[in-house]
Amino acid sequence: MIKLYRILFKISCLILLLSVAIPINLVHALDNPAGRILRMEGAVIIVRDSRTMNGSTDLKIYADDVIKTGPGSLVELLLQDGSSLHMGPDSQLELNEFRFSLGKDKPSFIARMAKGLFVYISGAISKVHPGSVKFETPDATIGIRGTKLVLKIDDLKFEKDMETEALPGCKETTVVLFRDPTGNVGKVTVSNIKGGDELNKEFYAIHVKCDSAPSKPMFLDRASLEKMIPESLHSIVFENYRPPLPYTESENPLINPDNPVTPPKPPKTFSESAPPAS
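No experiment lies behind these values; they were computed from the predicted model shown. (Residues numbered from 1 in each chain as written. Predicted model: local features only at pLDDT ≥ 70, side-chain atom pairs only at ≥ 80, totals over all residues. Heavy atoms only, no water.)

Now for the overall build of the protein. From N to C terminus, the protein includes five helices and 17 strands. Looking at the protein as a whole, 40% of its 278 residues are labelled buried. Taking all contacts inside the protein whose residues are at least 6 apart in sequence as the whole, residues at least 24 apart take part in 56%. Total accessible area computed for the protein in this model is approximately 15000 Å², and 55% of it derives from carbon and sulfur atoms. (Helix = DSSP H or I, 4+ residues; strand = E, 2+ residues; numbered from the N terminus. Buried < 20%, exposed > 50% of the residue type's maximum accessible area, 1.4 Å probe, protein only. Contact = heavy atoms within 4.5 Å. Areas by Shrake-Rupley, 256 points an atom, 1.4 Å probe, with all protein chains shown as cover.)

Next comes the structure, spelled out in structure tokens:
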């Protein structure tokens, strides 16, 4: 009997040590994923708790994950609130904060984009709680209120000896507003310590260069937009692509079951055309 007690005591101590060793924030994160990888092409890397793993379809993603795409790679993230975030080639973001539940907690989505191109189609958080979705870039903070946008972060370049070179340590951020799948054109604020402005018209853009205030909104024609956005993402941006409904923590849809909406299935690869609006 004494021997059995010793064994049980050792097991209890081991469980206690393991519970202390696992970070509390990691436990909470693993219980509440922010979303998942809906589809991808090429190399996608996830950095989680200083560990690196390869991305794969249906892989869950969590707050504090860093997500990177390689040259020629693409990935679409489907988040719990119904929003969709596409990352173009050679892009990187850190999912700083994501809170969305059917409870009383105030939802929040904050991400830091270090480089690359992103297409964001907003979900419940930005539509129901304006100001709760923010994207941070090296040059500005972008506040989103129910819309679709394209965000591009480039090295700031200059002409030298008839050649174009990157200016060390300086980036250039471009934000373009589009109509979302429901036909709504929301609002986007772009600001930094030097100033700020607002986008509220489709196909208008704001540029922010290193250590400068955001520009005034300016119209971009279709040719300029097609040049800016990789061809593999044209169908997502220019056609009325609608993300599929996400899973939720209660496994219930985020729509009224008495008024169901069945969105089309997403294309299997980015090279296919996006599905038409339902």
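Moving on from the model shown.
Okay, the nonpolar core next. Counting residues in hydrophobic clusters, the biggest one holds 36 residues, and the most contacted among them are Phe 109, Met 113, Phe 135 and Ile 142. At five residues, strand β9 (residues 108-121) tops the list of elements feeding residues into this core. Other than its neighbours up to four places away in sequence, Met 113 contacts Leu 85, Gln 92, Leu 93, Phe 118, Phe 135, Glu 136, Thr 137, Pro 138, Leu 151 and Ile 153. Counting 18 residues, the second-largest nonpolar core is a separate cluster that includes Val 119, Val 176, Ile 229 and Leu 233. (Core = buried A, V, L, I, M, F, W, Y, C linked by side-chain atoms within 4.5 Å.)

So, on to the state of the cysteines. One pass over the structure, following the stated rule, counts one disulfide. The disulfide partner of Cys 170 is Cys 210, and the gap between their sulfur atoms is 2.3 Å. In this structure, the disulfide formed by Cys 170 and Cys 210 twists by about -50 degrees around the S-S bond and is classed as left-handed. Taken together, the positions of Cys 170 in strand β13 (residues 163-178) and Cys 210 in the loop between β16 (204-209) and β17 (218-219) put the pair 40 residues apart, joining distant regions of the chain. Note on accessibility: Cys 170 and Cys 210 belong to one class, buried. (Disulfide = S-S within 2.5 Å.)

On to the pattern of salt bridges, then. Working definition: two side chains of opposite charge can pair if their charged atoms are close together. On inspection of all chains with the given rule, the structure shows eleven salt bridges. Of the charged contacts in the structure, one is a salt bridge between Lys 115 and Asp 90, with a shortest N-O distance of 3.2 Å. Residue Lys 115 is located in strand β9, and its partner Asp 90 is located in the loop between β7 (84-87) and β8 (92-99); the two are separated by 25 residues in the primary sequence. By relative accessible area, which is 30% here, Lys 115 ends up partly exposed. (Salt bridge = Lys/Arg side-chain N within 4 Å of Asp/Glu carboxyl O.)

Turning our eyes to something else, we now look at unusual backbone geometry. The backbone of Ser 50 shows a phi angle near 70 degrees, a positive value even though the residue is not glycine. Tracing the chain through its elements places Ser 50 in the loop between β2 (44-48) and β3 (51-54). According to the relative accessible area criterion, Ser 50 is exposed, its value standing at 75%.

When strand β14 (residues 187-192) meets strand β15 (residues 195-199), the two strands line up antiparallel, connected through five bridges. Bridging from a neighbouring strand, Thr 189 pairs with Glu 198 of β15. (Pairing = 2+ DSSP bridges.)

Taken as a whole and assessed by the stated rule, the structure comprises seven aromatic pairs. The interplanar angle of 65 degrees and the centroid separation of 5.4 Å between the aromatic rings of Phe 98 and Phe 109 together place this pair among those described as edge-to-face. Separated by eleven residues along the polypeptide, Phe 98 in strand β8 and Phe 109 in strand β9 bring together distant segments of the chain. Judged by its relative accessible area of 8%, Phe 98 is buried. Where Phe 178 meets Phe 203, the ring centres are 5.8 Å apart and the plane angle is 85 degrees; that geometry is what we call edge-to-face. On the criterion of sequence distance, the pair formed by Phe 178 in strand β13 and Phe 203 in the loop between β15 and β16 is long-range, its members being 25 residues apart. Overall, Phe 203 belongs to the partly exposed group, its relative accessible area being 29%. Here the aromatic cluster, defined as three or more aromatic residues joined through ring pairs, consists of Phe 98, Phe 109, Tyr 120 and Phe 135. One residue, Lys 201, lies across the ring of Tyr 204, its end atom 5.8 Å from the ring centre. Here the guanidinium or amino end of Arg 222 rests over the ring plane of Phe 238, the centre of that ring lying 3.9 Å away. (Phe/Tyr/Trp six-rings, centres within 6.5 Å; stacked < 30°, edge-to-face > 60°. Lys NZ or Arg CZ within 6 Å of the ring centre and 35° of its normal.)

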